[in-house]
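Per-entry structural report
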Amino acid sequence: MQEILYAQSKHALLVVLQGSDTSGKDGTVRKVFSSINPLGAVAVAFKKPTPHELAHDFLWRIHKAVPAAGMIGIFNRSHYEDVLVAMVHGLVPPDGSRHVTTR
């Protein structure tokens with residue numbers, strides 16, 4: 001199936017794993033994706049935003065990590081969680097403007 005996905009290059013597969021620390025997300029990635037070709041898959045774990053990431057809108061780093069056509073992407077943390085954390089910690093302006101000023 002992965003070879004067909006890659007050969008057709010029409011679609012991409014994005015797997016989003018959401019859970020708290022020690023919930024088993026890393027183990028799930030290792031177990032479920034151990035049999036696929038690693039050249040066609042990328043796992044991304046979203047940590048605390050860097051100053052460079054904070055200079056862009058709060059979903060910029062998510063959009064940057066979305067897999068290209070024919071590829072498999074694994075998000076080790078839901079972008080919904082990322083949005084909530086960014087809003088709670090004041091990393092997103094309450095007026096919804098696209099750019100965030102760094103502190």
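To start, this report covers the structure provided alongside it. (Residues numbered from 1 in each chain as written. Predicted model: local features only at pLDDT ≥ 70, side-chain atom pairs only at ≥ 80, totals over all residues. Heavy atoms only, no water.)

Remarks on the overall build of the chain
The cut-off we apply is this: Each helix corresponds to a stretch of at least 4 residues labelled H or I by DSSP, and each strand to a stretch of at least 2 residues labelled E; elements are numbered beginning at the N terminus. Three labels apply to residues, based on accessible area from a 1.4 Å probe with only protein chains included: buried if under 20% of the type maximum, exposed if over 50%, partly exposed otherwise in between. By definition, residues are in contact when any of their heavy atoms lie within 4.5 Å. Note that accessible areas follow from Shrake-Rupley with a 1.4 Å probe, and for residues the cover is restricted to the protein chains shown.
Secondary structure summary: the chain contains five helices and three strands in total. Listed N to C, the secondary structure of the chain is α-β-α-β-α-α-β-α in terms of helices and strands. Here the chain holds 103 residues, and the buried ones make up 30% of them. Sequence separation of 24 or more characterises 69% of the internal contacts of the chain that already satisfy a separation of 6 or more. Just so you have it, the chain exposes about 7300 Å², and 60% of that area is on carbon and sulfur atoms.

Observations concerning the pattern of salt bridges
Oppositely charged side chains may form a pair once their charged atoms are brought near each other. Our working rule: Each salt bridge in this description consists of a side-chain nitrogen of Lys or Arg and a carboxyl oxygen of Asp or Glu lying within 4 Å of one another.
Taken as a whole and judged by the stated rule, the model has one salt bridge. Close ionic contact of Glu 53 with Arg 61 constitutes a salt bridge, the shortest N to O distance being 3.4 Å.

Some words on the sheet that holds strand S1 (residues 13-16)
For clarity, the threshold we go by: By definition, two strands form a pair when at least two bridges between them are found by DSSP. Note on geometry: axes are lines fitted to C-alpha atoms, helical ones only across the stretch in contact, with angles between N-to-C directions running from 0 to 180 degrees.
Spatial strand order, S1-S3-S2: three strands in an open sheet with parallel pairing. Strands at the two margins of the open sheet, each flanked by one partner only, are S1 and strand S2 (41-44). On average, adjacent strands in this sheet sit at an angle of 15° to one another, irrespective of strand direction. Inspection of the sheet shows S1 paired to strand S3 (residues 72-75) by four bridges, in the parallel sense. By the bridge assignment for S3, Leu 13 is matched with Ile 72.

Things to note about the side chain of Gln 2
Stated precisely, the cut-off is as follows: Here a polar contact means two N or O atoms within 3.5 Å. Within protein one must be a hydrogen donor candidate and the other an acceptor candidate, and residues neighboring in sequence count only if both atoms are side-chain atoms.
Within the secondary structure layout, Gln 2 lies in helix H1 (residues 2-8). With a relative accessible area of 19%, Gln 2 lands in the buried category. A polar atom in the side chain of Gln 2 sits 2.8 Å from the backbone nitrogen of Asn 37. For Gln 2, the contacting residues outside a window of four places in its chain are Ile 36, Asn 37, Gly 40, Ala 41 and Ile 72.

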